Amino acid sequence: QVRLVESGGGLVQAGGSLRISCTASGGTFGDNEMGWYRQAPGKQRELVATITRGGTTNYAASVKGRFTISRANARNSVILQMNSMKAEDTATYFCRLGFSPVLAYWGKGTLVTVSS
């Protein structure tokens, strides 16, 4: 059974940095895309950043230049380095492991709070 576990969330001041990570287990993963999505209270879940197994990245416009996504294929893990954080980055961040548009797994989320 595929399982995604996120870690590293917490409280940070505006302008600060935080690093969150996610590790997938429970399977042998071929070609896939890993990514981070976030959901703020009262809002829909939105894409933050994704990265393919080959290293191609995609970022939401709101985080481009501030956040960096990376992955370690050998460990089936993905990391999101968040710098110059803003109050509007406050959300629960979810890790996603996707194999196709209809086959994906999600973590339970890690809360990130940015105080202004």
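Preceding block: the structure.
Here we summarise the structure given alongside this text.

Here is what the cut-offs are and how they apply
- Residues numbered from 1 in each chain as written.
- Predicted model: local features only at pLDDT ≥ 70, side-chain atom pairs only at ≥ 80, totals over all residues.
- Heavy atoms only, no water.
- Helix = DSSP H or I, 4+ residues; strand = E, 2+ residues; numbered from the N terminus.
- Polar contact = N/O pair within 3.5 Å; in protein donor to acceptor, adjacent residues only side chain to side chain.
- Contact = heavy atoms within 4.5 Å.
- Pairing = 2+ DSSP bridges.
- Axes fitted to C-alpha atoms, helices over the stretch in contact; angles between N-to-C directions.
- Phe/Tyr/Trp six-rings, centres within 6.5 Å; stacked < 30°, edge-to-face > 60°.
- Buried < 20%, exposed > 50% of the residue type's maximum accessible area, 1.4 Å probe, protein only.
- Disulfide = S-S within 2.5 Å.

A look at the side chain of Arg-71
So, point 1. Summarising the element assignment, Arg-71 is placed in strand β7 (residues 67-72).
So, point 2. Engagement of the side chain of Arg-71 in a polar contact is seen with the side chain of Asn-73, the distance being 2.6 Å.
So, point 3. Beyond its immediate stretch of four places on either side in the chain, Arg-71 contacts Asn-32, Glu-33, Met-34, Ile-51, Thr-52, Arg-53, Ser-77 and Val-78.

Description of the sheet that holds strand β3 (residues 18-25)
Two strands in a sheet stick together by hydrogen bonds in their backbones, pointing the same way (parallel) or opposite ways (antiparallel).
So, point 1. Sheet architecture is open: 4 strands sit in the order β1-β3-β8-β7, paired in antiparallel fashion. Sheet topology places β1 (3-7) and β7 at the edges, where each strand pairs with a single neighbour. Within the sheet, the average angular offset between the axes of one strand and its neighbour, ignoring direction, is 15°.
So, point 2. The pairing of β3 with strand β8 (residues 77-82) spans 6 bridges and is antiparallel. Bridged to Arg-19 within β8 is Gln-81.

Examining the packing of aromatic side chains
So, point 1. For the coordinates displayed, the defined rule picks out 2 aromatic pairs.
So, point 2. Here the aromatic rings of Tyr-37 and Trp-106 are separated by 5.1 Å at their centres, their planes lie at 70°, and the arrangement is edge-to-face. Placement of the pair is Tyr-37 in strand β4 (residues 33-39) and Trp-106 in strand β10 (residues 103-106), with a sequence separation of 69 residues.
So, point 3. Between the aromatic rings of Phe-99 and Tyr-105, the centroid separation amounts to 6.2 Å while the plane-to-plane angle is 85°, which identifies the pairing as edge-to-face.
So, point 4. Residue Phe-99 is classed as partly exposed on the basis of its relative accessible area of 29%.
So, point 5. Classification of Tyr-105 by relative accessible area gives partly exposed; the value is 30%.

Description of the state of the cysteines
So, point 1. Scanning the entire structure with this criterion turns up 1 disulfide.
So, point 2. Note that Cys-22 is cross-linked by a disulfide to Cys-95, the S-S spacing being 2.1 Å. Across the S-S bond of Cys-22 and Cys-95 the torsion is about -80°, and the bridge reads as left-handed. You can see Cys-22 sitting in strand β3 and its partner Cys-95 sitting in strand β9 (residues 91-100), a full 73 residues away along the chain. Cys-95 shares its class with Cys-22; the two are buried.

Looking at the environment of Gly-26
So, point 1. In this structure, Gly-26 sits in the loop between β3 and β4.
So, point 2. Gly-26 sits in the partly exposed class, given a relative accessible area of 49%.
So, point 3. In this structure the C-alpha to C-alpha distance between Gly-26 and Arg-3, which are 23 residues apart in sequence, comes to 6.1 Å.
So, point 4. Look past the residues within four positions of Gly-26 in its chain and what remains in contact with it is Gln-1 and Val-2.

Considering unusual backbone geometry
So, point 1. With a phi angle near 50°, Asn-76 is a residue other than glycine that sits in the positive phi range.
So, point 2. With respect to the element layout, Asn-76 can be found in the loop between β7 and β8.
So, point 3. Asn-76 gets classed as buried once you look at its relative accessible area, which sits at 17%.
So, point 4. Its identity as a non-glycine residue notwithstanding, Ser-84 has a phi of 50°, on the positive side.
So, point 5. Of note, Ser-84 is situated in the loop between β8 and β9.

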